Amino acid sequence: MKDFDLYSYDKYIVSFSGGKDSTALLLFLLDNNVSKEKIELWHQEIDGRGRSLFDWEVTPDYCRKLGEAFNIPVYFQWKVGGFEREMTRTESLTAPVCFELPDGSIQQTGGDRGKPSTRNKFPQPSPDLRVRWCSAYLKVDVCATALRHQERFQNIRTLVLSGERGEESKQRAGYAIIEPDRADLRKGRNPRHIDRFRPIRDWKEQQIWDILEKYRVRPHPCYFMGFGRCSCKFCVFGNCHQFASAACVSHDQANDLIKFERDFGYTMKRDTDLASLIRKGVPYDSITEELKQLATSYEYTAPVLISDKETWQLPAGAFRKCGGPS
């Protein structure tokens, strides 16, 4: 898009997973002197406020604490029942979407249209969001739904920032840096001008860690355990070492996923079952009991910002080759 002006927007929404790349988005805005009063962090809760099955238990509170540290509001969105309900859906509609509003209330919408259908299978590790439905149904669509159903985004200019980086895959390298968001609606009585901005698409990983160090941000605990990415704990793209490490940290959830695979009659990976994949891998040697307890707690108790008197540390998972979107 021509004539892009970063400072021309009324509201800046950071699509915030709690990972290093989405943290860099926030720090990018601060580095460019965008007013904090215009910034919001939005986190889509993968497990839908039910039991933690796929994602890290501590992630929502880590996001909350990071927002507090920078005095920036954090709003949560989720699909009712989350990953598990969508994955086990049998001749039923997809679940409604819930999202927090600035006044503290929660709005629910959807889940009452369409035709009943059945999944009963894991999302597949594919760039096609029709089969890698976790990203589409639990993140992208949930965010867009929350944008479409809030009148406060009408008649203003909103910029949604997301943290895809071209270094991760050829597909991501081809994403537009700036384009209309899927929730954009520029015509009509109450238009929504919403653009999607990917400012770190061409950044290298070193630049990500550099800006976290500059602002003294302590990364999510999964990185210190050796994970190179902070998407789901049991990400469908994960390699054998990631799955072995995740099973080491969360043994019960790993067993639940193995059981789901048997019940479905479909494997998550095309060439192996989860039990075999986990046995093949070697857990990261940087996993400690202290880090396990922190990552699987629903309260983040470590400092989210490192004081000037302490040494900022690059986590063990930095620059580690991990499975990710292809």
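Please refer to the structure higher up on the page.
Keep in mind that what you see is a predicted model, and the values were worked out from it rather than measured. (Residues numbered from 1 in each chain as written. Predicted model: local features only at pLDDT ≥ 70, side-chain atom pairs only at ≥ 80, totals over all residues. Heavy atoms only, no water.)

(A) Here's a closer look at the sheet that holds strand 3 (residues 74–79). Pairing is mixed across the open sheet formed by 8 strands, whose spatial order is 5-4-3-2-1-6-8-7. Every interior strand has two partners, whereas the edge strands, strand 5 (106–109) and strand 7 (178–180), have only one. The average angle at which neighbouring strand axes cross in this sheet is 25°, direction not considered. Across 3 bridges, strand 7 lies against strand 8 (residues 193–197) in antiparallel orientation. Counted as the bridge partner of I178 is F197 from strand 8. The strands touched by helix 4 (residues 133–148) within the sheet are strand 2 (39–44), strand 3, strand 4 (97–100), strand 5, strand 6 (157–161) and strand 8, with strand 2 carrying the most contacts at an inclination of about 135°. (Pairing = 2+ DSSP bridges. Helix = DSSP H or I, 4+ residues; strand = E, 2+ residues; numbered from the N terminus. Axes fitted to C-alpha atoms, helices over the stretch in contact; angles between N-to-C directions. Contact = heavy atoms within 4.5 Å.)

(B) Inspection of the pairing of strand 5 at higher detail. Pairing geometry for strand 4 and strand 5, over 4 bridges, is antiparallel. Across the sheet, residue C98 finds its bridge partner in strand 5, namely Q108. Between strand 4 and strand 5, which pair antiparallel and follow one another directly, the connecting turn spans 5 residues, one of which, G104, has a positive phi of 95°.

(C) Here's a closer look at empty space enclosed by the protein. Overall, the coordinates contain 1 cavity of 30 Å³ or more when judged by the stated rule. Computed from the structure, the largest cavity encloses a volume of approximately 50 Å³. If you trace the largest cavity, you find it lined by F227, R229, C232, K233, C235, G238, Q242 and F243. Taken together, the residues of the lining of the largest cavity sort by class into 4 nonpolar, 2 polar and 2 charged. (1 Å grid on protein atoms, 1.4 Å probe; cavity = no way out; pocket = protein on both sides within 12 Å on 5 of 7 lines; lining within 4 Å. Points joined across faces, edges and corners; volume = space filled by probe spheres on them. Nonpolar A, V, L, I, M, F, W, Y, C, P; charged D, E, K, R; others polar.)

(D) The layout of surface pockets, seen in detail. The calculated volume of the largest pocket comes to roughly 1100 Å³. Taken together, 46 residues form the lining of the largest pocket, with S135, K139, V140, E164 and R172 sitting closest to its centre. Secondary structure elements with two or more residues in the lining of the largest pocket: helix 1 (20–31), strand 2, helix 4, helix 5 (170–173) and strand 7. Of all the elements, helix 4 adds the most residues to the lining of the largest pocket, at 6 residues. In the lining of the largest pocket, the residues fall into 20 nonpolar, 12 polar and 14 charged.

(E) Structural detail: the pattern of salt bridges. For the structure on display, the rule yields 26 salt bridges. The residue D61 makes a salt bridge to K65 at a minimum N-O spacing of 2.8 Å. You can see D61 and its partner K65 sitting in helix 2 (residues 59–70), 4 residues apart, about one turn around the helix. Using a relative accessible area of 7% as the deciding quantity, one classes D61 as buried. For K259, the salt bridge goes to D263, with nearest N and O atoms at 3.0 Å. Of this pair, K259 and D263 both sit in helix 9 (residues 251–264), 4 residues apart, which is roughly one turn of the helix. Note on accessibility: K259 and D263 belong to one class, exposed. Through salt bridges with shared partners, one network takes in K11, E40 and R152. (Salt bridge = Lys/Arg side-chain N within 4 Å of Asp/Glu carboxyl O. Buried < 20%, exposed > 50% of the residue type's maximum accessible area, 1.4 Å probe, protein only.)

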